[in-house]
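Now for the letters of each chain:
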Amino acid sequence: MPQPVHIRASLVIVTYNNGGEIEACLRSALPSLGPADELIVVDNASTDGTAGLVEATFPQVQVLRAQGNLGFGGGSNLGASHARGELLAFLNPDTTVEPGWLETLAAARQAQPQAGLVTPKILLMDDPERINTCGNEIHISGLTLCRGMGEPRSAYSQLEEVGATSGAAFAIRRELFETLGGFDEAFFMYMEDTDLSLRARLAGWRIVYVPESIVYHDYR
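Predicted, not measured: the structure shown is a model, and the values here were computed from it. (Residues numbered from 1 in each chain as written. Predicted model: local features only at pLDDT ≥ 70, side-chain atom pairs only at ≥ 80, totals over all residues. Heavy atoms only, no water.)

Peer 1: What is the right way to look at helix H6 (residues 192-202) in this model?
Peer 2: Since the α-helix packs 3.6 residues into each turn, any two residues three or four apart lie on the same face. What H6 keeps buried is the set Glu 192, Asp 193, Thr 194, Asp 195, Leu 196, Ser 197 and Ala 200. Positive backbone phi, approximately 100°, marks Gly 204, located one or two places after H6. (Buried < 20%, exposed > 50% of the residue type's maximum accessible area, 1.4 Å probe, protein only. Helix = DSSP H or I, 4+ residues; strand = E, 2+ residues; numbered from the N terminus.)

What follows is the structure, encoded as structure tokens:
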């Protein structure tokens, strides 16, 4: 009987009518994965042919076709339910990554026993010398703010604990994701990343920002 294959990390990308940007995202992300990693694209019933484009162009990618638009949280939960990796990584389809981004996040998680979630330095795709976010800050009002938005790329150069992760790019221990019940699907779009971060922190885990891991985001 064949032995089950060990999967180190599962990268999940949720799409909805992202046919114009998903190819660049996948061409960027695939080389960063090792033989013990997998990539799953969850398509939230796109009407622009996104799912077919991915299937035809990237046969090594597992494509899950949702029956309707589940939102980011619901689509991410669907992808996670099919993932086999010990580490779950999530990436927005309007991002590209630098080589080693995931390896660096995984190493930081291993080195920080209480790091439940690890988040990279996210730079503006149209102005890559400026920051989109270096982990998020949670205001006392409940609003979540992009930490370092618009500041120089060189800022925030130290690994440190932050208030919340950005859903644009982060990784989480699979066991923790399952213990927390994944994303709360009541948040159809936005704030689901903050909610997950807060629940992880309440459970005693840390959100750790890793500046050596670099992702570019077409932030709007």
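Peer 1: What am I meant to see in the nonpolar core here?
Peer 2: A general trend in soluble globular proteins is that nonpolar side chains are found buried together. Leu 11, Ile 13, Leu 39, Leu 91 and Trp 101 are the most contacted members of the largest nonpolar core, which has 34 residues in total. Setting aside anything within four residues of it in sequence, one finds Ile 13 in contact with Ile 22, Cys 25, Leu 26, Leu 39, Ile 40, Val 41, Val 42, Leu 91, Asn 92 and Pro 93. Among the nonpolar cores identified, the runner-up in size contains 28 residues, and Leu 64, Leu 196, Ile 207 and Tyr 209 belong to it. (Core = buried A, V, L, I, M, F, W, Y, C linked by side-chain atoms within 4.5 Å. Contact = heavy atoms within 4.5 Å.)

Peer 1: What is the right way to read the packing of aromatic side chains from this model?
Peer 2: Between two aromatic rings, the relevant description is the distance of the centres plus the angle of the planes. Under the criterion given, the structure shown has 6 aromatic pairs. A ring pair is formed by Phe 72 and Phe 183, whose centres lie 5.5 Å apart and whose planes are at 65°; its orientation type is edge-to-face. You can see Phe 72 sitting in helix H3 (residues 71-82) and its partner Phe 183 sitting in the loop between helix H5 (174-179) and H6, a full 111 residues away along the chain. For Phe 183, a relative accessible area of 2% translates into the label buried. Lying across the ring of Tyr 209, Arg 147 places its NZ or CZ 5.1 Å from the centre. (Phe/Tyr/Trp six-rings, centres within 6.5 Å; stacked < 30°, edge-to-face > 60°. Lys NZ or Arg CZ within 6 Å of the ring centre and 35° of its normal.)

Peer 1: Sorry if this is basic, but what is going on with unusual backbone geometry here?
Peer 2: Note: most residues except glycine have negative phi, and most peptide bonds are trans. One non-glycine residue, Ala 45, lies in the positive phi region at around 60°. We classify Ala 45 as partly exposed; its relative accessible area is 27%.

Peer 1: What should I look at first to understand helix H4 (residues 101-111) in this one?
Peer 2: When we look at burial in H4, the residues that qualify are Trp 101, Leu 102, Leu 105, Ala 106, Ala 108 and Arg 109. The arc enclosing the buried residues of H4, seen along the axis, measures out at 160°, which places them on a common side. Facing away from the buried side of H4, by more than 90 degrees, are the exposed residues Gln 110 and Ala 111. Turning to H4, the residues buried within the fold contact strand E1 (9-15), strand E4 (87-91), strand E5 (95-97), strand E6 (115-124), strand E11 (169-173) and strand E12 (206-217). (Arc of directions from axis to C-beta.)

Peer 1: Before we go on, may I ask you to explain the packing of helix H1 (residues 22-29) against helix H2 (residues 50-57) in this structure?
Peer 2: For any two helices packed against each other, one specifies the inter-axial angle together with the distance between the axes. Contact geometry for H1 and H2: axes closest at 11 Å, N-to-C directions at 35°. The chirality of how H1 crosses H2 is right-handed. From H1, Ile 22, Glu 23, Leu 26 and Arg 27 reach across to H2, where they touch Thr 50, Leu 53, Val 54 and Thr 57. Grouping the constituent residues of the contact of H1 with H2 by class yields 4 nonpolar, 2 polar and 2 charged. (Axes fitted to C-alpha atoms, helices over the stretch in contact; angles between N-to-C directions. Left-handed = near helix turned anticlockwise from the far one by under 90°. Nonpolar A, V, L, I, M, F, W, Y, C, P; charged D, E, K, R; others polar.)

Peer 1: What's the story with the state of the cysteines in this structure? I'm lost.
Peer 2: Two cysteines joined by a covalent bond between their sulfur atoms form a disulfide. Taken as a whole, this structure holds 0 disulfides when the rule is applied. Between Cys 25, a cysteine without a disulfide, and Cys 146, which holds the nearest cysteine sulfur, the sulfur-to-sulfur distance is 18 Å. Cys 134 carries a free sulfur, and the closest cysteine sulfur to it, the one in Cys 146, is 9.8 Å from it. Residue classification places Cys 134 among the buried residues on the basis of a relative accessible area of 0%. (Disulfide = S-S within 2.5 Å.)

Peer 1: Sorry if this is basic, but what is going on with the pattern of salt bridges here?
Peer 2: It is possible for side chains bearing opposite charge to pair when their charged atoms get close. All chains considered together, the criterion is met by 11 salt bridges. Among the salt bridges present, the one from Glu 103 reaches Arg 8, with a minimum N-O distance of 2.8 Å. Here Glu 103, found in helix H4, pairs with Arg 8, found in the segment before E1; they are 95 residues apart in sequence, far enough to count as distant. Residue classification places Arg 8 among the partly exposed residues on the basis of a relative accessible area of 21%. Put simply, Arg 199 and Asp 195 hold a salt bridge, and the shortest N to O gap is 2.9 Å. Pair noted here: Arg 199 and Asp 195 are both in helix H6, with a separation of 4 residues, about one helical turn. (Salt bridge = Lys/Arg side-chain N within 4 Å of Asp/Glu carboxyl O.)

Peer 1: I keep staring at the side chain of Asn 18 and nothing clicks. Help me out?
Peer 2: Relative to the assigned elements, Asn 18 resides in the loop between E1 and H1. Other than its neighbours up to four places away in sequence, Asn 18 contacts Asp 48, Thr 50 and Pro 93.

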